[in-house]
Amino acid sequence: MQTRRIGDLDVSAIGLGAMPLSIEGRPDEARSLATIHAALDAGVTLIDTADAYHLHADEVGHNETLIARALARHDLGRDVLVATKGGHLRPGDGSWTLDGSPGHLRTACEASLRRLGVEAIGLYQFHRPDPRIPYEESVGAVRELLDEGKIRAVGVSNANPEQIGQANDILGGRLVAVQNQFSPAFRSSEPELRLCDELGIAFLPWSPLGGISRARELGSSYAPFAHVAEAHGVSPQRVCLAWMLARSPVVVPIPGASRPETILDSLAATDLVLTAAELAELDAVV
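So, how was this worked out
- Residues numbered from 1 in each chain as written.
- Predicted model: local features only at pLDDT ≥ 70, side-chain atom pairs only at ≥ 80, totals over all residues.
- Heavy atoms only, no water.
- Helix = DSSP H or I, 4+ residues; strand = E, 2+ residues; numbered from the N terminus.
- Rg over C-alpha atoms; globule rule 2.2 N^0.38 Å.
- Buried < 20%, exposed > 50% of the residue type's maximum accessible area, 1.4 Å probe, protein only.
- Contact = heavy atoms within 4.5 Å.
- Areas by Shrake-Rupley, 256 points an atom, 1.4 Å probe, with all protein chains shown as cover.
- Pairing = 2+ DSSP bridges.
- Axes fitted to C-alpha atoms, helices over the stretch in contact; angles between N-to-C directions.
- Core = buried A, V, L, I, M, F, W, Y, C linked by side-chain atoms within 4.5 Å.
- 1 Å grid on protein atoms, 1.4 Å probe; cavity = no way out; pocket = protein on both sides within 12 Å on 5 of 7 lines; lining within 4 Å.
- Points joined across faces, edges and corners; volume = space filled by probe spheres on them.
- Nonpolar A, V, L, I, M, F, W, Y, C, P; charged D, E, K, R; others polar.
- Arc of directions from axis to C-beta.

**Student:** Which residues make up the overall build of the protein, and what values go with them?
**Tutor:** Each helix and strand in the protein was counted, giving eleven helices and eleven strands. For 286 residues, the compact-globule estimate of 2.2 N^0.38 gives 19 Å, and the C-alpha radius of gyration of the protein, at 18 Å, lies within 12% of that figure. For the protein, the C-alpha atoms occupy an extent of roughly 55 × 40 × 35 Å along the three principal directions. Expressed as a percentage of the 286 residues in the protein, the buried residues total 56%. Contacts in the protein between residues far apart in sequence, at least 24 positions, make up 73% of those at least 6 positions apart. For the protein, the computed accessible surface area is about 11,900 Å², with 50% contributed by carbon and sulfur atoms.

**Student:** Break down the sheet that holds strand E10 (residues 175-181) for me, with residues and values.
**Tutor:** Within a sheet, neighbouring strands are paired by backbone hydrogen bonds and run either parallel or antiparallel to one another. As summarised here, the arrangement of the seven strands in space is E3-E4-E5-E8-E9-E10-E11, forming an open sheet in which the pairing is parallel. In the strand order of this sheet, the two ends are held by strand E3 (16-17) and strand E11 (202-206), each with one partner. Against the sheet, helix H6 (residues 190-199) contacts E10 and E11, and its axis sits at roughly 155° relative to E11.

**Student:** A description of the environment of Arg216 should follow, citing residues and the corresponding values.
**Tutor:** If you trace the backbone, Arg216 turns up in the loop between E11 and helix H7 (218-221). Given a relative accessible area of 75%, Arg216 falls into the exposed group. Expressed as a C-alpha distance, the spacing of Arg216 and Gly122, which sit 94 residues apart in the sequence, is 32 Å.

**Student:** If you had to explain the nonpolar core to someone new, which residues and values would you point to?
**Tutor:** Membership of the largest hydrophobic core comes to 71 residues, with the highest contact counts inside it found for Ile36, Ile47, Ile151 and Phe225. Ranked by the residues each element gives to this core, the list is headed by helix H9 (residues 236-247), at seven residues. Apart from residues no more than four positions distant in its own chain, Ile47 is found in contact with Leu16, Ala18, Ile36, Leu40, Ile67, Leu71, Val80, Leu81, Val82 and Ala83. The next biggest cluster of nonpolar side chains, apart from the first, holds 13 residues, and it includes Ala83, Ala153, Val176 and Val252.

**Student:** Outline the layout of surface pockets, supporting the account with residue identities and numerical values.
**Tutor:** Space inside the largest pocket adds up to approximately 930 Å³. A total of three residues in the lining of the largest pocket trace back to one element, the largest contributor, which is helix H10 (residues 260-267). By residue class, the composition of the lining of the largest pocket is 13 nonpolar, 17 polar and nine charged. The calculated volume of the second largest pocket comes to roughly 540 Å³. Looking at the second largest pocket, it is lined by 22 residues, and the ones nearest its centre are Arg78, Val80, Val82, Val118 and Arg152. Ranked by residue count, the leading element in the lining of the second largest pocket is helix H2 (residues 62-72), at three residues. Each residue belonging to the lining of the second largest pocket can be placed in one class, and the counts come to 14 nonpolar, four polar and four charged.

**Student:** Got a sec to walk through empty space enclosed by the protein? Specific residues and values, please.
**Tutor:** Enumeration over the complete set of coordinates arrives at one cavity of 30 Å³ or more. Taken as a whole, the largest cavity spans an internal volume of roughly 60 Å³. Of the residues assigned to the lining of the largest cavity, the class counts are five nonpolar, three polar and two charged.

**Student:** Just give me the short version of helix H8 (residues 223-232), but keep the residues and values in it.
**Tutor:** Those residues of H8 that sit buried are Phe225, Val228 and Ala229. The buried residues of H8 all sit within an arc of 105° when viewed along its axis, so they share a single face. Of the exposed residues in H8, those oriented more than 90 degrees away from the buried face are Ala223, Glu230 and Ala231. Looking at the buried side of H8, the elements it contacts are H7, H9 and helix H11 (276-283).

**Student:** Which residues make up the side chain of Ser138, and what are the values?
**Tutor:** As for its position among the elements, Ser138 is in helix H4 (residues 135-147). According to the relative accessible area criterion, Ser138 is buried, its value standing at 1%.

Encoded structure:
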């Protein structure tokens, strides 16, 4: 498995986005554990989660707990960087809400620590800006957690270029990751990707295949990806991830998966080499 850098750590060039294992349409626990273990067997050393990845109001942190259980049952579990997030909430009615207050972020981090069963969280990310709370207060709270040793590295998610610069300043240059939506269907994070490339900050595209409901149709929705996939005898999804990896060495896609077969196909993108002409064809998709 090829590797890329997040802060001072080498991680697999493609990580596992674990959200599908805990939200609507989630598989049973046996298949969830099999999916995580298949990823580990294939060399994945980055798993992305959040305390908000759950269905019901009384199961906050379902995804974190599931990941902790899977890692504890696998010989390679100790080698994995678990990236979790706080500041986004699910009341249990299918909606998403925000709480970027310093008090909530501290409480959320403490709860994530307990669920993951670790002394310090490898990568903690402020999940989404809360318009009610000044951004500097939210990031400042995460900085305090970093300084206290409760987390080892900090990232921000769903941030614009100004917020990325502001977060990096507040953290004294210690921002190591930005997790934004980016896919053929969602190209508006290009400025954030370019900024991360300039600063040497890891860029983690979420929903890189277009999201749970649209990933299967990627090839039919975007003909160039199907065309390149046919030329290589692989899936359009694999082509998509290879295209992202070629965009910049700071890109670390985190495709979601709920079956072992899905994550294994995604991981094979690290071995797919696209020509300059193919990359140009894919870049032109709008």
